[in-house]
Amino acid sequence: VQLQASGGGLVQAGGSLRLSCAASGRSFSSYDMGWFRQAPGKEREFVAAIRKYGGSTYYADSVKGRFTISRDNAQNTAYLQMNSLKPEDTAVYYCAASTRTIVTTLGRSQFYDYWGQGTLVTVSS
């Protein structure tokens, strides 16, 4: 599967953005989907994940209550709605897909096989 992330941009603190991750290929619904981010000088970190077939969702503590992950299997697209953005949310955001994640590995990037190119989110104070 090929993934293409989009929707990043510059937003003021407190604002919102919605990221999209469009997938090509078949069987999108059979992939767990995740969002990760990498800020300058920092390691890539887990943001959110949604199980295959539109199941359960999982979030990093830093975004819980502000971000919402969702998917539309008919459109082969995953989304990340980001509200109440903070300057510390500034990062390149990557979407990823996996067929081999389980609940305990959803937050670990090494279990994802396919990655999008990343989209930059900049939150100004």
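That block above? That's the structure.
Residues numbered from 1 in each chain as written. Predicted model: local features only at pLDDT ≥ 70, side-chain atom pairs only at ≥ 80, totals over all residues. Heavy atoms only, no water.

Undergrad: Would you explain the pattern of salt bridges in this entry?
TA: Between side chains of opposite charge, a pair can form as their charged atoms come close. Considering all chains together, one arrives at six salt bridges under this definition. With a shortest N-O distance of 3.0 Å, R51 and D32 are connected by a salt bridge. With R51 in the loop between β5 (45-50) and β6 (57-59) and D32 in strand β4 (residues 32-38), this pair connects stretches of sequence that are 19 residues apart. For the pair formed by R51 and D32, the shared burial category is buried. Linking D61 and K64 is a salt bridge whose minimum nitrogen-to-oxygen distance equals 3.1 Å. For the pair D61 and K64, one class covers both residues: exposed. (Salt bridge = Lys/Arg side-chain N within 4 Å of Asp/Glu carboxyl O. Helix = DSSP H or I, 4+ residues; strand = E, 2+ residues; numbered from the N terminus. Buried < 20%, exposed > 50% of the residue type's maximum accessible area, 1.4 Å probe, protein only.)

Undergrad: How should the nonpolar core be read in this particular structure?
TA: Soluble globular proteins tend to pack their nonpolar side chains together in the buried interior. M33, W35, V47, F67, L80, M82 and Y93 are the most contacted members of the largest nonpolar core, which totals 35 residues. When residues of this core are traced back to their parent elements, those giving at least two are β1 (2-6), β3 (17-24), β4, β5, β7 (67-72), β8 (77-82), β9 (91-98) and β11 (119-124). Here M33 is in contact with L3, C21, F28, A48, A49, I50, I69, R71, A78, A96, A97 and Y112, once residues within four sequence places are set aside. (Core = buried A, V, L, I, M, F, W, Y, C linked by side-chain atoms within 4.5 Å. Contact = heavy atoms within 4.5 Å.)

Undergrad: Can you walk me through the sheet that holds β3 in this structure?
TA: Strand pairing in a sheet relies on backbone hydrogen bonds. The paired strands run either parallel or antiparallel. The strand order β1-β3-β8-β7 describes an open sheet built from four strands, whose pairing is antiparallel. Each of the sheet's edge strands pairs with one partner strand only, and the pair in question is β1 and β7. The average undirected angle you get between the axes of adjacent strands in this sheet is 15°. One ladder, built from six bridges, connects β3 with β8; its direction is antiparallel. Of the residues in β8, the one forming a bridge with L19 is L80. (Pairing = 2+ DSSP bridges. Axes fitted to C-alpha atoms, helices over the stretch in contact; angles between N-to-C directions.)

Undergrad: Honestly, the packing of aromatic side chains in this entry has me stumped. Any pointers?
TA: Describing an aromatic ring pair means giving the distance of the ring centres and the angle of the ring planes. One pass over the full model with this rule turns up five aromatic pairs. Ring centres of F36 and Y112 lie 5.1 Å apart, and the angle between their planes is 80°; on these two criteria the pair is classed as edge-to-face. On the criterion of sequence distance, the pair formed by F36 in strand β4 and Y112 in the loop between β9 and β10 (114-115) is long-range, its members being 76 residues apart. Using a relative accessible area of 1% as the deciding quantity, one classes F36 as buried. Where F36 meets W115, the ring centres are 5.2 Å apart and the plane angle is 55°; that geometry is what we call tilted. Taken as a pair, F36 in strand β4 and W115 in strand β10 lie far apart in primary sequence, 79 residues in all. Through a chain of ring-to-ring contacts, the aromatic side chains of F36, F46, Y112 and W115 assemble into a single cluster. (Phe/Tyr/Trp six-rings, centres within 6.5 Å; stacked < 30°, edge-to-face > 60°.)

Keep in mind these numbers describe shape, not what the thing actually does.
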